[in-house]
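# Understanding the architecture of this molecule
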Amino acid sequence: SVWLDRGTIVAARNPKGMADLFEKLKNSGINIVYFETNNAGFTMYPSALVAQNPETTSWDPLGCAVAEARKRGMEIHAW
């Protein structure tokens, strides 16, 4: 398993970057991902209630991560 923290999520930069990251994880034998959904008061997904991390407002990192994990048969857990 692996924990994806804010820094790693932000570094992915976009849906393609997230797909590339998940491909690397799968190829490394990772089958469970813990995804940090909240950091410093910001979400890592679009929300009507809380501000999204300013470095990710052009996309939905959590939604992309869920889709990429499902494509690869990996577990994903929001943390």
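An account of the accompanying structure is given in this report. None of the values given here were measured: they were computed from a predicted structure.

Scoring rules and cut-offs
Residue numbers here run from 1 along each chain, matching the order of that chain's written sequence. pLDDT decides what is reported in this predicted model: residues at 70 or higher carry local features, side-chain atom pairs at 80 or more are listed and counted, and totals for whole chains, interfaces and linings draw on all residues regardless. The side-chain figures draw on all heavy atoms in the structure; neither hydrogens nor water molecules are used. Salt-bridge detection follows one rule: a side-chain nitrogen of Lys or Arg within 4 Å of a carboxyl oxygen of Asp or Glu. In this text, helices come from DSSP runs of H or I with a minimum length of four residues, and strands from runs of E with a minimum of two, each type numbered from the N-terminal end. Three exposure classes are used, based on accessible area relative to the maximum for each residue type with a 1.4 Å probe and protein chains only: buried under 20%, partly exposed in between, and exposed over 50%. Any two strands with at least two DSSP-identified bridges between them are counted as paired.

### Some words on the pattern of salt bridges
Considering all chains together, one arrives at five salt bridges under this definition. The closest approach of N and O atoms between arginine 6 and glutamate 55, which form a salt bridge, is 3.9 Å. Here glutamate 55 lies in the loop between strand E4 (42-43) and helix H3 (61-71) and arginine 6 lies in helix H1 (residues 6-12), a separation of 49 residues in the sequence. Of the residues examined, arginine 6 reaches a relative accessible area of 31% and is grouped as partly exposed. Its relative accessible area of 52% is what places glutamate 55 among the exposed residues. Overlapping salt bridges, with partners in common, bring together Glu23, Glu68, Lys71 and Arg72 in one network.

### Structural notes on the pairing of strand E2 (residues 32-35)
The pairing of strand E1 (residues 2-4) with E2 spans three bridges and is parallel. Considered in E2, the bridge of tryptophan 3 is made with tyrosine 34. Of the pairings in the sheet, the one linking E2 to strand E5 (residues 75-78) comprises four bridges and is parallel in character. Pairing of isoleucine 32 across the sheet is with glutamate 75, part of E5.

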